[in-house]
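# Remarks on the overall topology
Read off the chains here:
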Amino acid sequence: MAHPHDPPAATENAERLGGPLVVLTDVNKHFGELHVLKDIDMTVRRGEVVVVIGPSGSGKSTLCRAINRLEPIDSGTISIDGKELPAEGKDLARLRADVGMVFQSFNLFAHKTILENVTLGPTKVRGLKGHEAKKQAMDLLERVGVANQAGKHPAQLSGGQQQRVAIARALAMRPKVMLFDEPTSALDPEMITEVLDVMTSLAREGMTMIVVTHEMGFARKAADRVIFMDAGQIVEEATPEEFFTNPRSERAKDFLSKLL
Ligand code: ADP
Ligand code: MG
């Protein structure tokens, strides 16, 4: 019999999740001769947390950047909430605002305060009034545990604090989906947990998330699905339970054995 604290079974997940939110169809991308994304088909449902893992150079960052159109694709389509992402133009700016992105390097504006970092996008792009943006920013900074740092500049904060500000800044745009590209890789070990904890609570609150990470503990705890990439291809997709206990492909087995 299922224990109340067991992770939800696949059937319960199916009920919790909504319809398709991020849909990639037959996406291909080259850098010169290098075929970095090969026939990528991927659907992320509303409320789903997908963890993308794979060896260095397998195309994980390029995949994230393509979803945000920071990187043009050669063929295929990418749509967010039913709308195909155009390559450029005003619609792109609007659709891109639906996708929050957090990178390995925190990318905060160095010359602005923490508060300004979080209010800037919403006032410029979402048209929020100053006092509304400020209230929202303080709520978000509270949520990620750095409200008491609001008047400081990024360099005065630890890496873990800066990364939590980066998460708050992305959330301030009210994205439909959050992309995380190795958000804890540049952090000292003692700061990794505080960032993963914020991400775990976001996941529990129902945020749709695509997370590239080597933090297998997070994948086991928070992911609905693990996607394993190698050499530009999606090699395997499974629940974390299946993937970690019984990987099907030799490439995944090899990758997992090297992590231990
Ligand atoms: P991952 O994030 O899985 O480590 P990336 O998506 O960063 O992989 O890179 C996939 C491949 O594409 C790598 O071989 C990398 O060297 C190459 N690559 C990434 N960005 C560029 C670029 N701007 N120009 C040329 N090659 C690139
Ligand atoms: Mg990468």
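Everything numeric in this text was worked out from a predicted model, so none of it was measured.

### Side note on the confidence of the model for the chain
Confidence in the prediction of the chain, expressed as mean pLDDT, is 92, and 94% of residues score 70 or more. Scored below 50 in pLDDT, residues 1-6 makes 0 contacts in the model with residues more than four places away or belonging to other chains. Here the complex is predicted with pTM 0.92, and the ipTM for its interfaces comes to 0.98.

### Description of the site of ligand 1
Around ligand 1, the surrounding shell consists of F31, L34, V36, P55, S56, G57, S58, G59, K60, S61 and T62. Residue T62 places a side-chain N or O atom 2.5 Å away from an oxygen atom belonging to ligand 1. Isolated, ligand 1 exposes 570 Å² of accessible area, and the fraction of that covered by the protein chains is 59%. The dominant element in the shell around ligand 1, judged by the number of residues it contributes, is helix α2 (residues 60-67), at 3 residues.

### A closer look at the side chain of S79
Within the secondary structure, S79 sits in strand β4 (residues 75-80). Using a relative accessible area of 16% as the deciding quantity, one classes S79 as buried. Apart from residues no more than four positions distant in its own chain, S79 is found in contact with L21, V22, V23, E84 and L85.

### Section: the pairing of strand β3 (residues 49-53)
Most of β3 is tucked away: 5 of the 5 residues are buried. Burial along β3 is two-sided: the residues V49, V51 and I53 and V50 and V52 are all buried. Across 4 bridges, the pairing between β3 and strand β8 (residues 208-212) is parallel. Pairing of V52 across the sheet is with V212, part of β8. With 4 bridges joining them, β3 and strand β9 (residues 225-230) adopt parallel strand pairing. Bridge pairing links V52 to I227 in β9.

### So, the pattern of salt bridges
Under the counting rule described, the total for this entry stands at 15 salt bridges. K29 serves as the salt-bridge partner of E71, at 3.7 Å between the closest nitrogen and oxygen. Residue E71 is located in the loop between α2 and β4, and its partner K29 is located in strand β1 (residues 20-31); the two are separated by 42 residues in the primary sequence. Take K29: its relative accessible area is 5%, and that puts it in the buried class. Put simply, D254 and K258 hold a salt bridge, and the shortest N to O gap is 3.0 Å. Of this pair, D254 and K258 are both found in helix α10 (residues 250-259), 4 residues apart, which corresponds to roughly one turn of the helix.

### What to know about the side chain of Q161
With respect to the element layout, Q161 can be found in helix α6 (residues 159-171). Residue classification places Q161 among the buried residues on the basis of a relative accessible area of 19%. Side-chain polar atoms of Q161 contact the backbone nitrogen of S158, separated by 2.9 Å. Non-local contacts of Q161, meaning those with residues more than four positions away in its chain, are made with V146, Q149 and E194.

Calculation rules
- Residues numbered from 1 in each chain as written.
- Chains lettered and ligands numbered in written order.
- Predicted model: local features only at pLDDT ≥ 70, side-chain atom pairs only at ≥ 80, totals over all residues.
- Heavy atoms only, no water.
- pLDDT = per-residue confidence, 0-100.
- Contact = heavy atoms within 4.5 Å.
- Near = heavy atom within 4 Å.
- Polar contact = N/O pair within 3.5 Å; in protein donor to acceptor, adjacent residues only side chain to side chain.
- Areas by Shrake-Rupley, 256 points an atom, 1.4 Å probe, with all protein chains shown as cover.
- Helix = DSSP H or I, 4+ residues; strand = E, 2+ residues; numbered from the N terminus.
- Buried < 20%, exposed > 50% of the residue type's maximum accessible area, 1.4 Å probe, protein only.
- Pairing = 2+ DSSP bridges.
- Salt bridge = Lys/Arg side-chain N within 4 Å of Asp/Glu carboxyl O.

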